[in-house]
Amino acid sequence: MTRSAIAAGALPVATTRSAGEQFLTNCIIILSFFPFFRILPLGDAETQPLAAMAALVGILIYGFRWDFVSRASLALIFFGLAFALLAVLGMNISATSVGLQTAAFLAPIILFVYIWGRLDQVQPASVFFCGAAYLTLGTLQYLGKVPSFLHDLLGRLIGRYEEGLLTLGRGVVMFTPEPAYAAKILALFVAFCVAWHRDRRLPTLVFWMLSLVTLAIVVLVNRSVIGIVLMMTLLGLYAFFLLSGRARVLLAAALAVGLVVSFQMARNRGFETVSADAPRNLQVASLVMARAVEGDLRLTDVLRLGSARLMTSLAGFEYTASLPLLGTGLGRGETAVRRVLDNDPLLNLVDFERNRFGNLKPHGWLPAWTTETGILGLAVGATLLLAVLGRARTASRRDLAASVALWSTAFLIVGLTGPHSLPVPWLMFGLASHRVAAGTSSADRLSGQNG
């Protein structure tokens, strides 16, 4: 970074890696794996911005990478702060509501600014410890073997924590308030494994063993439908793009034939739905197959299976499509969602008991952001996402496979599910764009030059 840039107010970037910086980076990663521990007095907020607060300290001490992605991130942060001020002073929205919503939007972006270009500092031991903790606790919850002292401790630290399986076969919560949140953390663990395998830091056999074990835990123990979708997207796209072009065509044809044969067998033999006591993911698969066999699978059925998260995110996108200049204002997204749910002809057909939910704000970061900040916020957010996409690594087949898999999975989380304060997708964006092995590429290391 030049002296003129520093004089203009830009933070300098550290040109050497100190032990303190690496330690802080690994602490931030660990905190990102456990964002649901209630330590700060933030009312009903389920995620805590501890990792972002540590990242802010790191930015002030060690600087950040000064390139277009970082500038786009900072532009979004400053826009969000200015919009928060406008919401309080110009729209008469409660300062508490605006403050919490602003923190939820900007906390993962602050973390992203710090971590951008520093992922080669992350030690595998830190990530393996976090992944093993989730897998172990999830297995203990499934077996009903959580020690009483640990159950009591986690009950104090995590809102809505449950020791064992939730009702209706919904699975286990691990270190989170619900299974869907735990599934995203497990997807982050596999995302790191994908990046390490891409950069030849994790042997192929070890990578697939860890990935398949985690996938099995998600399917059999965690039982989150969105978790299965995310894991299949991440691992499926990575495996698919690792293959040669001819192998991809053959695999796609084989899958198509397999689906047709399975469908015909189900139609000829009839299809019986599973019991109401079965895991939720089996109930979902049963309903989809039954409707498909009967020739009566409709979009409204798929939307209903997505529950409140999918419905509110789609309603947010529907509102944004009306091109509101300033949106509803920070903290008021629920008003737009309820209005869309009342008036949209397709969403009206969905069997969705909206009164059961105390909060119907869009769950995904992107629909929530655009609903509350309007077209101006959409332009700022789209600039950042396109900048990140432009940095995705495509130098080799393995780079392309990892970038497509990581970016696609992250965008699913940002676009459709949440909570939007979760740092998981932003870490995936960083993993898609940077090496995670120190010294592999000078272009991926922090630089003292302007981007």
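Refer to the structure presented above.
In this report, we go over the structure that sits alongside the text. Just so it is clear, the model here is predicted, and its values are computed rather than measured.

**A look at the packing of aromatic side chains**
Taken as a whole, this structure holds 25 aromatic pairs when the rule is applied. Summarising the aromatic geometry, the rings of Phe128 and Phe189 are spaced 6.3 Å apart at their centres and angled 75 degrees between planes, so their arrangement reads as edge-to-face. Linking Phe128 in helix H6 (residues 124-143) with Phe189 in helix H8 (residues 179-198), this pair joins segments that are 61 residues apart in sequence. We classify Phe128 as partly exposed; its relative accessible area is 30%. On the basis of relative accessible area, Phe189 is assigned to the buried category, the value being 3%. Of the aromatic side chains, those joined through ring pairs into one cluster are Phe79, Phe83, Phe105, Phe112, Trp116, Trp365, Trp369, Trp407, Phe411, Trp426 and Phe429. Looking at Arg71, its charged tip hangs above the ring of Trp66, at a distance of 5.7 Å from the centre. One Lys or Arg, Arg118, reaches over the ring of Tyr114 and ends 4.2 Å from the middle of that ring.

**What to know about helix H18 (residues 424-433)**
One full turn of an α-helix is made of 3.6 residues, so residues set three or four places apart face in the same direction. By the criterion of burial, H18 is predominantly enclosed, with ten of the ten residues buried. Those residues of H18 lying buried are Val424, Pro425, Trp426, Leu427, Met428, Phe429, Gly430, Leu431, Ala432 and Ser433. Those residues of H18 hidden inside the fold are in contact with helix H2 (19-33), helix H5 (95-115), H8, helix H16 (365-390) and helix H17 (397-416).

**As for the nonpolar core**
Formed by 106 residues in total, the largest nonpolar core has its most connected members in Phe33, Phe175, Phe192, Trp365, Leu384, Trp426 and Phe429. Counting residues per element, this core draws most heavily on H8, which supplies 14 residues. Apart from the residues within four sequence positions on either side, Leu384 is in contact with Val69, Ala72, Ser73, Leu76, Ile109, Phe112 and Trp426. Grouped together as the second largest cluster of nonpolar side chains are ten residues, Tyr319, Val337, Val340 and Val350 included.

**Observations regarding a nonpolar patch on the surface**
Taken together, Leu56, Val57, Leu60 and Ile61 make up a surface patch of nonpolar side chains, about 390 Å² in accessible area. The topology assignment puts Ile61 in helix H3 (residues 50-62). Here Ile61 falls in the exposed class, since its relative accessible area comes to 56%.

**Points about H2**
Compared with an ideal rise of 1.5 Å per residue, which puts 15 residues at 21 Å, H2 spans 22 Å between its outermost C-alpha atoms and is within 8% of the ideal. Looking at the buried positions of H2, the neighbouring elements they touch are H3, H5, H6, H8 and H18.

**Digging into the pattern of salt bridges**
Throughout the structure, instances matching the rule amount to ten salt bridges. In this structure, Glu334 engages Arg338 in a salt bridge whose closest nitrogen and oxygen atoms are separated by 3.1 Å. Of the two residues, Glu334 and Arg338 both sit in helix H15 (residues 333-343), four residues apart, roughly one turn of that helix. It is possible to trace a salt-bridge network through shared partners that takes in Arg198, Asp199, Arg393, Asp399 and Arg435.

**Points about unusual backbone geometry**
Although it is not a glycine, Asn92 adopts a positive phi angle of roughly 55 degrees. By secondary structure assignment, the location of Asn92 is in the loop between helix H4 (68-89) and H5. Look at Arg223: it is not a glycine, yet its phi comes out positive at around 60 degrees. Mapping Arg223 onto the fold places it in the loop between helix H9 (204-222) and helix H10 (225-242).

**Focus on the side chain of Thr214**
Looking at the secondary structure, you find Thr214 in helix H9. Judged by its relative accessible area of 0%, Thr214 is buried. A distance of 2.8 Å separates the side chain of Thr214 from the backbone oxygen of Leu210, its partner in a polar contact. If near-sequence neighbours (up to four positions away) are discounted, Thr214 is found in contact with Leu135, Leu186, Phe189, Val190 and Met231.

Conventions and cut-offs
- Residues numbered from 1 in each chain as written.
- Predicted model: local features only at pLDDT ≥ 70, side-chain atom pairs only at ≥ 80, totals over all residues.
- Heavy atoms only, no water.
- Phe/Tyr/Trp six-rings, centres within 6.5 Å; stacked < 30°, edge-to-face > 60°.
- Helix = DSSP H or I, 4+ residues; strand = E, 2+ residues; numbered from the N terminus.
- Buried < 20%, exposed > 50% of the residue type's maximum accessible area, 1.4 Å probe, protein only.
- Lys NZ or Arg CZ within 6 Å of the ring centre and 35° of its normal.
- Contact = heavy atoms within 4.5 Å.
- Core = buried A, V, L, I, M, F, W, Y, C linked by side-chain atoms within 4.5 Å.
- Patch = residues over 30% accessible without salt bridge, like charges linked within 9 Å, V, L, I, M, F, W, Y side chains within 5 Å.
- Areas by Shrake-Rupley, 256 points an atom, 1.4 Å probe, with all protein chains shown as cover.
- Salt bridge = Lys/Arg side-chain N within 4 Å of Asp/Glu carboxyl O.
- Expected span 1.5 Å × (residues − 1).
- Polar contact = N/O pair within 3.5 Å; in protein donor to acceptor, adjacent residues only side chain to side chain.

From the geometry alone we can't say anything about function, so treat these as descriptive.
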